[in-house]
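What follows is the residue order along each chain.
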Amino acid sequence: MDPEIQQKIETVVRQVLEESDLDQMTEFKVRQEASNRLKMSLSQPNYKAFVRQVVEAFLQEQKAKENQQAVEEEEEEEKNDGDEDEDEGEGGGRGRRSDGEKKFTDDGDLIICQLGAKRKVTIQEFRGKSLVSIREYYNQGTKEMPSSKGISLTEEQWAVFRKNLPAIQAAIKKMESHLQ
């Protein structure tokens, strides 16, 4: 394919994507709109493949921008939080007591925060691996024990989860807007 034609196609496809609602747009619709604007058919296999590459590159760039924004927002929140090490009780505990010492479960797992009266985020060691555990706890006599209601994530799984938080938040917002 001629480099000049490639450049024109890429420019128009990117314009179409930037002007579109990406939740409603399909690759076919992008190709169709670009064909109309360029006044040429993009239905040949080599054009289809090139448009697909441009669309995928554009979507990856958008996702990277969202992830970067999320990281920047998280850093800003951490900066604004300062050195608040006090236990904030239900919904906001930071895993430290007001005297600055770390808090641990009865099993010895580090408590990162409390999500509610019975839910905690902890870091635990299991078979030589560190796990992030989000779990409900119950009382057994004088001990507070972890229940089977929850999830434990490896460091790799936690990294994937964190990386995809912006997409999760966007999906939640979209669901909530459909319910209203």
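Because the structure is predicted, anything quoted here is derived from the model rather than measured.

What counts, and at which threshold
- Residues numbered from 1 in each chain as written.
- Predicted model: local features only at pLDDT ≥ 70, side-chain atom pairs only at ≥ 80, totals over all residues.
- Heavy atoms only, no water.
- Pairing = 2+ DSSP bridges.
- Helix = DSSP H or I, 4+ residues; strand = E, 2+ residues; numbered from the N terminus.
- Axes fitted to C-alpha atoms, helices over the stretch in contact; angles between N-to-C directions.
- Contact = heavy atoms within 4.5 Å.
- Phe/Tyr/Trp six-rings, centres within 6.5 Å; stacked < 30°, edge-to-face > 60°.
- Lys NZ or Arg CZ within 6 Å of the ring centre and 35° of its normal.

Asker: Looking at this model, I keep getting lost on the sheet that holds strand β1 (residues 110-114). Mind explaining?
Answerer: Whenever strands of a sheet pair, they do so through backbone hydrogen bonds, lying parallel or antiparallel. Across the sheet, which stays open at both edges, the four strands sit in the order β1-β2-β3-β4 with antiparallel pairing between neighbours. Bordering the open sheet on either side are β1 and β4 (143-154), each of which pairs with just one other strand. The average undirected angle you get between the axes of adjacent strands in this sheet is 35 degrees. For strand β2 (residues 119-126) and strand β3 (residues 129-140), the ladder comprises eight bridges, and the chain directions are antiparallel. When the sheet's bridge partners are listed, I123 is paired in β3 with V132. Along the sheet, helix α4 (residues 155-163) makes contact with β3 and β4, crossing β4 at roughly 70 degrees.

Asker: Help me understand the packing of aromatic side chains, please; the structure alone is not making it clear to me.
Answerer: Note on aromatic pairs: each is described by the distance of the centres and the angle between the planes. Taken as a whole and judged by the stated rule, the model has one aromatic pair. Above the face of the Y137 ring, K120 is positioned so that its terminal group lies 4.7 Å from the ring centre.

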